[in-house]
Amino acid sequence: MIMPRETAPLTEREVDEVMARYPERTGDLLTILEELQERHPLHYLPTVTLEMVARKKQVPLSQIYSVVTFYSFFNLRPQGRHTIMVCRGTACHTRGSKMLMDGVLAATGSPPPEEEGGAAFTTADYGITVRTVACFGQCALAPVVAVDEDIHGHMTDLQLRRIVREVLRKDGAE
Ligand code: FES
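Procedures and definitions
Residues numbered from 1 in each chain as written. Predicted model: local features only at pLDDT ≥ 70, side-chain atom pairs only at ≥ 80, totals over all residues. Heavy atoms only, no water. Helix = DSSP H or I, 4+ residues; strand = E, 2+ residues; numbered from the N terminus. Buried < 20%, exposed > 50% of the residue type's maximum accessible area, 1.4 Å probe, protein only. Areas by Shrake-Rupley, 256 points an atom, 1.4 Å probe, with all protein chains shown as cover. Arc of directions from axis to C-beta. Contact = heavy atoms within 4.5 Å. Pairing = 2+ DSSP bridges. Axes fitted to C-alpha atoms, helices over the stretch in contact; angles between N-to-C directions.

Engineer: I keep staring at the overall build of the chain and nothing clicks. Help me out?
Structural biologist: Along the chain, the regular secondary structure elements total seven helices and five strands. In the chain, the succession of α and β elements from N to C terminus is α-α-α-α-β-α-α-β-β-β-β-α. Across the 174 residues that make up the chain, the buried fraction comes to 40%. Summing over all exposed atoms, the chain offers an accessible surface of approximately 9,900 Å²; the carbon and sulfur share of this is 54%.

Shown next as structure tokens:
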């Protein structure tokens, strides 16, 4: 099967380049994994990459998995070029975040992500990852949504759909 370049795992040479900076056998594992994830165009750690790291570090693959599953910032699936995070905390819920979630899912053509554990969904073209979060700590601005690095308070369904369209348009996906 031919994978689009951006979903393909890093090459062994790319992995070696990162690992060469951290020659200790067991040290710096977190940093190495972070750098490898950052280097992947879709910000994730494919299984093949984890296997390479385990082999080259001479540590069990289970040890690598226990690290990447413990820290929530590691991704084991491809991430979208843009991330939309809809707060599903109590304050945001009572101010309509469920409707925002439904709207963004409809706008991106995504099925609903599981509500538990901040599950995420990424569109088939890897344009957008939609996630839920428990609370941004900005409850006075509820309902709150983050689009990439930007936090938007008092969000409405109409505004959010407009933002999604704008993000997709800038990417040339519309
Ligand atoms: S509940 Fe949404 S920001 Fe706190």
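That covers the picture; the talk isn't over yet.
Engineer: Looking at this structure, I do not really get helix α2 (residues 29-39). What am I missing?
Structural biologist: Because an α-helix completes one turn every 3.6 residues, residues spaced three or four positions apart along the sequence face the same direction. Turning to α2, its buried residues number three or more, namely L29, I32, L33, L36 and Q37. One face of α2 carries all of its buried residues, which in axial projection span an arc of 130°. Residues of α2 that are buried sit in contact with α1 (12-19), α3 (47-57) and α4 (61-70).

Engineer: For this particular structure, what's the right way to read the sheet that holds strand β2 (residues 120-122)?
Structural biologist: What holds strands together in a sheet is hydrogen bonding between their backbones, with the strands either parallel or antiparallel. Read from one edge of the open sheet, five strands run β2-β3-β1-β4-β5, paired in mixed fashion. Two strands close off the open sheet at either side, each with one partner strand: β2 and β5 (150-152). For this sheet the average axis-to-axis angle between neighbouring strands, irrespective of direction, equals 15°. The pairing of strand β1 (residues 82-87) with strand β4 (residues 145-147) spans three bridges and is classified as antiparallel. Residue pairing for β4: V86 is matched across the bridge by V145.

Everything listed is a geometric property; what it means functionally is a separate question.
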